[in-house]
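What follows is the residue order along each chain.
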Amino acid sequence: MAERQKVSVITGAAGFIGSHLCDFLLARGHRVIGLDNLNTGTLRNLEHIDSPDFVYMNVDITDFIEIDGQVDYVYHMASPASPVDYLQIPLHTLKVGAVGTRNAIGLAKWKRARFLLASTSEVYGDPEVHPQSEDYWGNVNPIGPRSVYDEAKRYAETTTMAYQRQQGVDTRIIRIFNTYGPRMRPHDGRAVPTFIRQALEDKHLTVFGDGSQTRSFCYVSDLVEGIYRAMMSGYHFPVNLGNPAEYTIRKLAELIIEITGSKSDIIYQALPTDDPRRRRPDISLAKKLLDWEPTLKVEEGLTHTISWFKEYLAEEQLR
Ligand code: UDP
């Protein structure tokens, strides 16, 4: 007898990573139910999908989530994730991490589905340990402006572990480090889309601080492969997913100027409060457990992303 088609629910399906995960799972033959309230996501990220296996539902996951029929997997991706977004909607960000996570995991429990929480490297705060491995507990300012995201995600991890230990829900937690690629919003405020947009428009690239702070950038297709492998693993504790190649933000800006061939200069602006100084994932665990590591070099990933942005910005002008 043929195996029944697997059903995956994705919260935040119209977001940057969520929409790529929809594509990935549909290509693997899953039925996908995508939930979003379009607060930071957009239907434009889903409009290319032409599949009878895909259903979109406009749902705010801070309300009760009701879905008919069997569900096998719940990928909980929904949350504002750019500092600009979560500073604009701080209380909603807290609510999504707390109430939204509880509802999403409640759905998994009810359906006896496997649950994956998309957590974040922000749980490490401004880290005092470098690179960051999963056993580091982090250095988060609980009352700083970023705390609405950091603490909400820490609470979401706590909730997930409690449901796993006390309620027997089959859970996974991934900690996503900086990820980039097509479908990031040009105005979401993050370094990669901001610099690309500025470079393509021959505007100054706005580097915050002196640009010596570091991040490590993972291309979205690599990340999505890691997310899927984590879901298919049998491991309940957090797993870092990210690219260990570490760049200063100044270097990132220079690379983008070089690849776009832009005439832009770099200008330096004030560093936001609690902006982490250094960030690089230790991915030994993901390598061992999931046989996963990123395959795309940053130069290659940026080249793809830049050509997507060129098309996107040209289309924007026509709309
Ligand atoms: N950043 C910058 N200019 C910008 C946007 C961001 O210099 O226009 C810096 C930001 O201060 C941080 C780094 O780039 O040090 C990465 O920021 P992003 O918002 O992309 O991600 P996160 O801070 O969440 O890692």
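In case you missed it, the structure is sitting above this.
In this text the structure is predicted, and so the values were computed from the model without any measurement.

Student: In this structure, what is going on with helix α6 (residues 220-232)? I would like to understand it.
Tutor: Since one α-helical turn is 3.6 residues long, residues separated by three or four positions face the same way. Its 13 residues place the ends of α6 19 Å apart at the C-alpha level, agreeing with the 18 Å of an ideal helix rising 1.5 Å per residue. Listed as buried for α6 are Val220, Asp222, Leu223, Val224, Gly226, Ile227, Tyr228, Ala230 and Met231.

Student: Which parts of the structure should I look at to understand the sheet that holds strand β3 (residues 54-58)?
Tutor: Pairing within the open sheet is parallel, and its 7 strands lie in the order β3-β2-β1-β4-β5-β6-β11. Looking at which strands have only one partner, the edges of the open sheet turn out to be β3 and β11 (238-241). Neighbour-to-neighbour, the strand axes of this sheet turn through a mean angle of 20°, independent of strand direction. Pairing geometry for strand β1 (residues 7-11) and strand β2 (residues 31-36), over 5 bridges, is parallel. Counted as the bridge partner of Ile10 is Gly34 from β2. In this fold helix α3 (residues 90-111) packs onto β1, β4 (73-76), β5 (114-120) and β6 (171-176), with an angle of close to 170° to the strand it touches most, β4. Those strands touched by helix α4 (residues 147-167) are β5, β6 and β11, and its axis lies near 155° from that of β5.

Student: Would you take a moment to explain the site of the ligand for this structure?
Tutor: Residues in close proximity to the ligand total 18 residues, the closest being Thr206, Phe208, Arg215, Asp275 and Arg279. The side chain of Arg146 places a nitrogen or oxygen atom 3.0 Å from an oxygen atom of the ligand. One of the side-chain nitrogen or oxygen atoms of Asp275 is found 2.6 Å away from an oxygen atom of the ligand. For the ligand, the accessible surface in isolation is 510 Å², of which the surrounding protein chains cover 95%. Among the secondary structure elements, those contributing two or more residues to the shell around the ligand are α5 (191-200) and β8 (205-208). Of the residues that constitute the shell around the ligand, the class distribution is 7 nonpolar, 5 polar and 6 charged.

Student: I'm lost on the environment of Ala245 in this one. Help?
Tutor: Looking at the secondary structure, you find Ala245 in the loop between β11 and β12 (246-248). With 185 residues separating them in the primary sequence, Ala245 and Asp60 have C-alpha atoms 36 Å apart. Leaving out residues up to four positions away in the same chain, Ala245 has contacts with Arg215, Ser216 and Phe217.

Cut-offs applied
Residues numbered from 1 in each chain as written. Predicted model: local features only at pLDDT ≥ 70, side-chain atom pairs only at ≥ 80, totals over all residues. Heavy atoms only, no water. Helix = DSSP H or I, 4+ residues; strand = E, 2+ residues; numbered from the N terminus. Expected span 1.5 Å × (residues − 1). Buried < 20%, exposed > 50% of the residue type's maximum accessible area, 1.4 Å probe, protein only. Pairing = 2+ DSSP bridges. Axes fitted to C-alpha atoms, helices over the stretch in contact; angles between N-to-C directions. Contact = heavy atoms within 4.5 Å. Near = heavy atom within 4 Å. Polar contact = N/O pair within 3.5 Å; in protein donor to acceptor, adjacent residues only side chain to side chain. Areas by Shrake-Rupley, 256 points an atom, 1.4 Å probe, with all protein chains shown as cover. Nonpolar A, V, L, I, M, F, W, Y, C, P; charged D, E, K, R; others polar.

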